[in-house]
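# Inside the fold
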Amino acid sequence: NAGVTQTPKFQVLKTGQSMTLQCAQDMNHEYMSWYRQDPGMGLRLIHYSVGAGITDQGEVPNGYNVSRSTTEDFPLRLLSAAPSQTSVYFCASSYDPDNYGYTFGSGTRLTVV
Amino acid sequence: ELKVEQNPLFLSMQEGKNYTIYCNYSTTSDRLYWYRQDPGKSLESLFVLLSNGAVKQEGRLMASLDTKARLSTLHITAAVHDLSATYFCAGNSGGYNKLIFGAGTRLAVHP
């Protein structure tokens, strides 16, 4: 198993550009989430999904879209990048969050200039 | 809305000493999770605490949960340098297991 794979690892965007952060897992996990990590603020939930075709908003969803067309993939789209979206983004997945928590990917470091 | 607060945010410890990190949360959380993050790395799951009074131990780390006090603790025994990392606690908010994280405790263990 490759676990949770995030691409790219690093990205620099100009203000107003759009892009998609990719997240894929090969563990057949139903639950997937996107978080952003900013210094001194821990991780904040952006969007999450409990299965293919089902997504919902987290704490900080504005400026981001998600879709879940397959169990394996959960891409995060930045519609029009802003400097405030400079952050490290983590994708996580789980088959049983209640008892086992989430497995996190290695992260994408995004800089918006 | 669930809020999770950790303290201290920074902790400098001598090797061999004991210390406790505290995690308070504002509303009911069915579960409490502890994660470790090394600099520039991803998060590693340490403990999942499922019920009031739960206690779990792994090596020099022991986590406990008091749901009545809305408090979880992570106790470090006889710290060693390898424990230097940032430790996060997280509760789950409502259904579907939305994890809400604390700000993290940056632990530095020195000789």
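Our subject is the structure listed above.
Not measured: the values here are computed from a predicted model. Residue numbering note: each chain is counted from 1, following its sequence as written. For naming, the first written chain is A and the first written ligand is 1, with later ones following in the order written. Where local features are concerned, this predicted model is filtered to residues with pLDDT of at least 70; where side-chain atom pairs are given and counted, the filter is 80 or more; whole-chain, interface and lining totals use all residues. Hydrogens and water are ignored here; the side-chain numbers use all heavy atoms of the structure.

Right, let's talk about the overall build of chain B for a bit. Strands are runs of DSSP state E lasting at least two residues, helices are runs of H or I lasting at least four, and both sets are numbered from the N terminus onward. If you tally the helices and strands in chain B, you get 0 helices and 11 strands. Walking chain B from its N terminus toward its C terminus, one meets helices and strands in the order β-β-β-β-β-β-β-β-β-β-β. Taken against the 2.2 N^0.38 rule, which gives 13 Å for 111 residues, the C-alpha radius of gyration of chain B at 13 Å falls within 12% of a compact globule. Its C-alpha atoms give chain B principal-axis dimensions of roughly 45 × 30 × 20 Å. Throughout, exposure labels follow a simple rule: accessible area from a 1.4 Å probe, protein chains only, divided by the maximum for the residue type, with under 20% read as buried, over 50% as exposed, and the rest as partly exposed. Counting over 111 residues, chain B shows a buried share of 45%. Put simply, of all contacts in chain B between residues at least 6 apart along the chain, 54% involve residues at least 24 apart. To be clear on the numbers: accessible area is Shrake-Rupley with a 1.4 Å probe, and residue cover counts the displayed protein chains and nothing else. In the form shown here, chain B has an accessible surface area of approximately 5,500 Å², with 49% of it arising from carbon and sulfur atoms. Here Asp and Glu are counted as negative and Lys and Arg as positive; His is not counted, and neither are the chain ends. Charge positions come from single atoms, namely NZ of Lys, CZ of Arg, CG of Asp or CD of Glu. Of the charged side chains in chain B, 11 are positive and 9 negative; the average position of the first set lies 3 Å away from that of the second. The globule rule used here is 2.2 Å times the number of residues to the 0.38 power, and the radius of gyration it is set against is calculated over C-alpha atoms. Any pair of residues with heavy atoms lying within 4.5 Å of one another is described as a contacting pair.

Residue and element names in this part refer to chain B. Where burial is concerned, the two faces of strand β11 (residues 105-110) differ: the one with T105, L107 and V109 is buried and the one with R106, A108 and H110 is not. Here, any two strands with at least 2 DSSP bridges between them count as paired. Where strand β2 (residues 10-14) and β11 come together, 5 bridges link them in parallel fashion. Looking across to β11, one finds that Q14 is bridged to H110.

Turning our eyes to something else, we now look at the interface of chain A and chain B. Facing 22 residues of chain A, the contacting portion of chain B comprises 20 residues. Overall, the association of chain A and chain B removes approximately 1,700 Å² of surface from exposure, summing both partners, and the carbon and sulfur fraction of that is 55%. We define buried area as the total accessible area lost by two parts upon association, computed with a 1.4 Å probe and summed across both. Of all residues in chain A, A:L43, A:D98 and A:F104 bury the most surface against chain B, accounting for 28% of the area lost on that side. By convention in these notes, a salt bridge is any Lys or Arg side-chain nitrogen within 4 Å of a carboxyl oxygen on Asp or Glu. Inspection of the region where chain A meets chain B yields 0 salt bridges. Identification of polar contacts relies on pairs of N or O atoms within 3.5 Å, with a donor-acceptor requirement for protein atoms, meaning one able to donate a hydrogen and the other able to accept it, and with residues adjacent in sequence counted only if both atoms are side-chain atoms. Put simply, chain A and chain B have 5 residue pairs in polar contact (both at pLDDT 80 or more) between them. At the level of elements, β4 (31-37), β5 (43-51) and α1 (97-100) of chain A are the ones that each hand at least two residues to the side of chain A that touches chain B. Looking at the side of chain A that touches chain B, its residues break down into 12 nonpolar, 8 polar and 2 charged. Each residue gets one label: Ala, Val, Leu, Ile, Met, Phe, Trp, Tyr, Cys and Pro are nonpolar, Asp, Glu, Lys and Arg are charged, and the others, such as Gly, are polar.

Another point: the pairing of β5(A). All names here are of chain A. Of all 9 residues making up β5, 8 are buried, and the element is well covered by its neighbours. Strand direction decides the pairing type here: β4 and β5, joined by 6 bridges, are antiparallel. Within the sheet, the bridge partner assigned to W34 lies in β5 and is H47. Count of turn residues in the β4/β5 antiparallel hairpin: 5 residues, of which G40 carries a positive phi of about 75°. Two elements, β5 and strand β6 (residues 54-57), share 4 bridges in a ladder whose sense is antiparallel. Its bridge partner being in β6, H47 is matched across the sheet by Q57. In this structure, the hairpin formed by β5 and β6 is closed by a connection of 2 residues, where G53 is found at a positive phi of approximately 85°.

Turning next to the side chain of B:T20. Note on placement: B:T20 falls in strand β3 (residues 19-25). At 2.7 Å, the side chain of B:T20 forms a polar contact with the side chain of B:H75.

Honestly, that's just the spatial picture; any functional story needs more than this.
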